[in-house]
Structure formats: C-alpha cells, structure tokens
Amino acid sequence: MPSIQHVYGAQHPPFDPLLHGTLLKSTPKVPTTPVKAKRVSTFQEFESNTSDAWDAGEDDDELLAMATESLNSEVVMETAHRVLRNHSQRQSQPSQKTTEPEPEPQPIAEPPVAPSGDLRLVKSVSESHTPCPSESTGDTVPLQRSQSLPHSATVTLSGTSDPHALADSALSKRETSRLDKFKQLLAGPNTDLEELRKLSWSGIPKPVRPMTWKLLSGYLPANVDRRPATLQRKQKEYFAFIEHYYSSRNDEVHQDTYRQIHIDIPRMSPEALILQPKVTEIFERILFIWAIRHPASGYVQGINDLVTPFFVVFICEYTDREDVDKVDVSSVPAEVLRNIEADTYWCMSKLLDGIQDNYTFAQPGIQMKVKMLEELVSRIDERVHRHLDGHEVRYLQFAFRWMNNLLMRELPLRCTIRLWDTYQSEPEGFSHFHLYVCAAFLVRWRREILEERDFQELLLFLQNLPTARWDDQDVSLLLAEAYRLKFAFADAPNHYKK
C-alpha cells in the first residue's frame, strides 16, 4: 500500500534559474519515493525518527564534505520552518470535531495511536491533488503542490487541536537545541573555530552572535582565558588612537576627510539609529581613525556602511529590542558604549583588511569583481545577460554599489546581519563568496528583468530591488544558490571565462 515516506536526511537542491525562471518563487520540492508503511506508535517517536531532517551535523561519520553537509541539512531546516508556518496559517479555521472515527485514508501511512480523541495525518503533497474514494466527506484543508516536505501530523488529543502551538513548539525546541550547541562550543577552554564556522554558516542565534562575530573575525582569540586581557588591551589601544589623532580632524591636511565623513553619516540607514547624536559621534570617530591609519585608501564612500552591522550586533547584547533598526543607545551605560565603539572599530578593520583593494585609488578590486560578475552571469543565465546587454545596461551601473557596500543598500539591515553570519563563516566570504551571492541575487530577479523592455526602467529596477519584506528565509535560500554556483565555478574558472 502506498504511503508517506518520512524525510530522512533530506537534501535541498537549490533552484536552477534556467529551469525555474525565477529563483525562490516557491518552496523547493523534494522528490518522494514510496516505501513500505511503517507504524509509528507516538508523535514523539515520529519526530525522533525524522530528526535528522531538522538538525545539522548530527552524524559525524557521514561521508560528505563538511561544507556541503552543513549547507544542505541546514537549508532543509530553514525550508521546513517555512512549510510549517505556511501550513499553520492555512489552519486558521479549526476543523469540526466528529464523534465517529474517520475511515482510514488509503494513500497515506498509518497514523500514530492517540490515547483519546481523533488523530489525522495530512496527505503528502504528491497525492493531495488526487481524489480518493475512501476519503471522508468531512472538512479538509487544501494543500499547494509547491510544498516540498510532508506536513507534520496534526495531533488532536482530548478533543482539542492547536496546530499553531505544535509548529511553534517544534521551532522553539530546534532553536533552543541549536543555541545550546553554540553555547557549549563557546564555553570550552579553546573554541574550535572550524566547528564554529560550520555551525554559523546557516545563521547565528542572536544571544551568541556578538561573541561569535568577534571570534570569526579574528578579533578575539580562541582561548577563553586570553579573551578578557585581549579585549582590555585592544580597547585601550583604540582610545589611545582617539587621543592621539582625533584632535587633528580640523587640520588642513585632514579636514576634507572629516568633512566627507560628516556629510555621509546622516545619509546612512537606519536613520532612527544613525541620527542619534551619540551614534553619529561614534561613527565619526571610528571612520576618521581608520582613514588616518590606512593612508593607502583613506576614507572612501561605502566604508561608512560597513560600520553599522557590527555596531548594531554588539549593542543589541545590552538591549531587549527585537527591532535592530530602532535601538535607543541612551539606555546603554557610557562605559559599555565605549567598549562597543572599540570592538566595532577592530572588527570593521579586520573585515577591511581582506577587501582593502576595493577602496584604494580607482577601486581596482571592485572593477575586477564587477567584470567577474558579468562573465559569471553570462554563463549561468545567458538570456538575462543578453537582455541586459541588448538594452545597453552595463554591470558597473548597478553592481558597483553591490560590491562597494556589500549589498547593504539592497537589503534590510536584519538581512545584512544574517548574510554576514555566513560571510564570516565562509573562507574569504567578503572578498570571494560575495561574488557568487551577487550572481544569485541578480538571477533571483530573472523574470522581472526579462519583462522590462526599456533601459531606464531596467536600471531603475536594478537600483531599487523590492527586498523590503525579505527575511532570514529569503537570505538562506539566496546563500544556498550562491553556494551551488561557487561549488560549480570557483575551482573551474574556465567555465565562466570567455
């Protein structure tokens, strides 16, 4: 008898934009293969049997590459989160209780046995569109065929049903388990940075993000006993720079640099944070000191944006606000704010050390990356490339900002922070992996790009992409596609060179 196949070690192949037209427009599909029906005695046992579809890296003996294992299993978890939430939303109208037991649906697996009340399993997506003569005539919830994973069982015990609570509980349990893994890793005497990168690739929980970023950026040592002394020494060193250099900001030799910084900061986002006087002063000091200490590049517009994610992540450690765009720094003690300023400076410096050729004279790093992006897109989606070229849209006209600001002007701040979780976990994330993220990002808008038939409209669209409602799910799927491109092209440059 055909039945639902439980998802064991599910893999999530990223969409091929040439086949699907628009990347990530629907939830990816996972093929199902009929297997012999297995009786599951409890929902807890069902959940336990399918746990490897949700948790990453549980089997250390898997013969898969470390990065590929981390990517696929984690993206499955992210995809499953979306499926659960979508299913919960469609359950807004509670189903009517029936006193008579329903006939057992033939196309699905035998449900777990409940002590009381009725119990239903939602049919698999692949069968949801096929009528079955043995189905009851009671109310059913329609399913979309675009969903990729079987839904969790909707369990009704003692005559009550709450799918929202079930989904929230499952999500909370997984999030708590993942946070515990981070805490255990960070609490050891010597943090395994390779394991930390592997765990962080698919996102870092907010409570441990500040410490994790400081470790992944190379600002703090892996040895836990050395961290307090390192923090104290680096913070003291930064404020020695302030004392030595900041008073020269109005000198003739530096006044142009300081004036440009002073002009650029109020243009940054989020305004609610940046325009707070204390924050403006902090950003001015950070940017001026960095420019003075790096005369090869000095201050270049675009560097200012790179301060914000570090500052927001570090200050959120001392505030309960979930909205990172509207943190009120007045509630943070002055000494804490000083330490955050120093930490932000050093972490930003570590980032810029890897991409400084983006900001030297004529910005050769960006020029090269935009050219590489053009060549890459011409191979992965020739139709999009020809469409842009046919309407005389040049990559420098829209992608220069993508490289200069690391997509910060294209994405909400919350999405940038999630993106940087992966960039700091990926080898050469900001300097190399970012290229593949930009390629995936461009192809993500394939359908909209091909619909535009005018140079001006095309350019306006590419400079104002509709990402305001993006969340972590969108970023995770974008990163999955970028990883696929990197896997295919990074070690075979002739694939994208003309």
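Residues numbered from 1 in each chain as written. Predicted model: local features only at pLDDT ≥ 70, side-chain atom pairs only at ≥ 80, totals over all residues. Heavy atoms only, no water.

Peer 1: Please clarify how the overall build of the chain should be interpreted in this entry.
Peer 2: A count of helical and extended segments in the chain gives 20 helices and two strands. Within the chain, the fraction of its 498 residues that count as buried is 51%. For the chain, restricting intrachain contacts to residue pairs at least 6 apart in sequence, the fraction spanning at least 24 positions comes to 76%. In the structure as shown, the chain presents an accessible area of about 24300 Å², 51% of it carried by carbon and sulfur atoms. (Helix = DSSP H or I, 4+ residues; strand = E, 2+ residues; numbered from the N terminus. Buried < 20%, exposed > 50% of the residue type's maximum accessible area, 1.4 Å probe, protein only. Contact = heavy atoms within 4.5 Å. Areas by Shrake-Rupley, 256 points an atom, 1.4 Å probe, with all protein chains shown as cover.)

Peer 1: Help me understand unusual backbone geometry, please; the structure alone is not making it clear to me.
Peer 2: Comment: phi is negative for the bulk of residues other than glycine, and the bulk of peptide bonds are trans. For the bond from Ser269 to Pro270, the omega torsion is 0 degrees, close enough to zero to count as cis. Relative to the helices and strands, Pro270 is located in the loop between α8 (255-264) and α9 (271-274). Positive phi, close to 55 degrees, is recorded for Glu428, a residue that is not glycine. Considering the arrangement of structural elements, one finds Glu428 in the loop between α16 (413-423) and α17 (429-444). On the accessibility criterion, Glu428 (55% relative accessible area) is exposed.

Peer 1: Before we go on, may I ask you to explain the packing of aromatic side chains in this structure?
Peer 2: Two aromatic rings are characterised by how far apart their centres lie and by the angle between their planes. All told, the structure shown has 26 aromatic pairs when counted by the stated rule. Note on Phe310 and Phe314: the rings are 6.2 Å apart at their centroids and 35 degrees apart in plane angle, and the pair reads as tilted. Note that Phe310 and Phe314 are positioned in helix α11 (residues 307-315) at a spacing of four residues, about one turn of the helix. Residues Phe310 and Phe314 agree in their burial class; the two are buried. Linked through ring pairs, Trp201, Trp213, Phe310, Phe314, Trp420, Tyr423, Phe430, Phe433 and Tyr483 together constitute an aromatic cluster. Here the guanidinium or amino end of Arg249 rests over the ring plane of Tyr258, the centre of that ring lying 5.8 Å away. (Phe/Tyr/Trp six-rings, centres within 6.5 Å; stacked < 30°, edge-to-face > 60°. Lys NZ or Arg CZ within 6 Å of the ring centre and 35° of its normal.)

Peer 1: What exactly am I supposed to notice about helix α7 (residues 227-245) here?
Peer 2: Along an α-helix, residues three or four apart share an orientation, since each turn contains 3.6 residues. With 19 residues, α7 extends 27 Å between its outermost C-alpha atoms, agreeing within 8% with the 27 Å of an ideal straight helix rising 1.5 Å per residue. When α7 is considered as a whole, its buried residues turn out to be Arg227, Thr230, Leu231, Lys234, Gln235, Tyr238, Phe239, Phe241 and Ile242. For α7, the buried positions fall inside an angular range of 155 degrees around the axis, keeping them on one side. In this structure, α7 carries Pro228, Ala229, Gln232, Lys236, Glu243 and His244 as exposed residues pointing more than 90 degrees from its buried face. (Expected span 1.5 Å × (residues − 1). Arc of directions from axis to C-beta.)

Peer 1: What am I meant to see in the confidence of the model for the chain here?
Peer 2: The predicted structure's coordinates, where accompanied by low pLDDT, should not be read in detail. Looking at the chain, pLDDT values average 76 and 64% of them are 70 or higher. Per-element confidence in the chain ranges from a low mean pLDDT of 33 for strand β2 (residues 154-155) to a high of 97 for helix α6 (residues 209-216). With pLDDT under 50 throughout, residues 92-161 is counted as low confidence; its partners more than four residues away or in other chains account for 123 contacts. (pLDDT = per-residue confidence, 0-100.)

Peer 1: Any chance you could explain the nonpolar core here in plain terms?
Peer 2: Taken as a class, soluble globular proteins show a tendency for nonpolar side chains to be buried jointly. Counting 114 residues, the largest nonpolar core has Leu306, Leu388 and Trp420 as its most contacted members. Counting residues per element, this core draws most heavily on α17, at eleven residues. Contacts of Trp420, omitting those with residues within four sequence positions, involve Trp213, Leu306, Pro309, Phe310, Leu351, Leu406, Met408 and Phe430. (Core = buried A, V, L, I, M, F, W, Y, C linked by side-chain atoms within 4.5 Å.)

Peer 1: Would you take a moment to explain the packing of helix α13 (residues 364-380) against α17 for this structure?
Peer 2: Geometrically, a packed helix pair is captured by the angle between its two axes and the distance between the axes. Contact geometry of α13 with α17 gives a least axis separation of 10 Å together with a crossing angle of 45 degrees. Considering their axes alone, α13 and α17 lie oblique with respect to each other. Relative to α17, α13 is oriented so that their crossing is right-handed. Of the residues in α17, those in contact with Lys369, Met372, Leu373, Leu376, Val377 and Ile380 of α13 are Ser431, Leu435, Tyr436, Cys438, Ala439, Leu442 and Val443. (Axes fitted to C-alpha atoms, helices over the stretch in contact; angles between N-to-C directions. Parallel < 35°, antiparallel > 145°, perpendicular 65-115°, else oblique. Left-handed = near helix turned anticlockwise from the far one by under 90°.)

Peer 1: Sorry, what's going on with the pattern of salt bridges here?
Peer 2: Per the counting criterion, the structure on display carries 17 salt bridges. Asp305 is the salt-bridge partner of Arg409, the closest N and O atoms lying 2.9 Å from each other. A residue pair is termed long-range when its members are at least 10 positions apart, and Arg409 in the loop between α15 (395-404) and α16 and Asp305 in the loop between α10 (277-293) and α11 qualify at 104 residues. Judged by relative accessible area, Arg409 falls into the partly exposed class, the value being 39%. The class of Asp305 is buried, set by a relative accessible area of 2%. For Arg446, the salt bridge identified is with Asp381, shortest N-O distance 2.5 Å. Within this pair, whereas Arg446 is found in helix α18 (residues 446-451), its partner Asp381 is found in the loop between α13 and α14 (382-390), the two being separated by 65 residues in sequence. We classify Arg446 as buried; its relative accessible area is 9%. (Salt bridge = Lys/Arg side-chain N within 4 Å of Asp/Glu carboxyl O.)

Peer 1: Even after reading the chapter, I still don't get the environment of Trp213, so can you show me in this structure?
Peer 2: Of note, Trp213 is situated in helix α6. Each C-alpha atom of the pair Trp213 and Asp421 lies 7.6 Å from the other, and the pair is 208 residues apart in sequence.

Peer 1: Before we go on, may I ask you to explain the packing of α6 against α11 in this structure?
Peer 2: It is at 8 Å that the axes of α6 and α11 come closest, and there the two elements cross at 135 degrees. One element, α6, and the other, α11, form an angle in the oblique class. Along its contact with α6, which presents Arg209, Pro210, Trp213 and Lys214, the element α11 presents Pro309, Phe310, Val313 and Phe314. Taken together, the residues of the contact of α6 with α11 sort by class into six nonpolar, no polar and two charged. (Nonpolar A, V, L, I, M, F, W, Y, C, P; charged D, E, K, R; others polar.)

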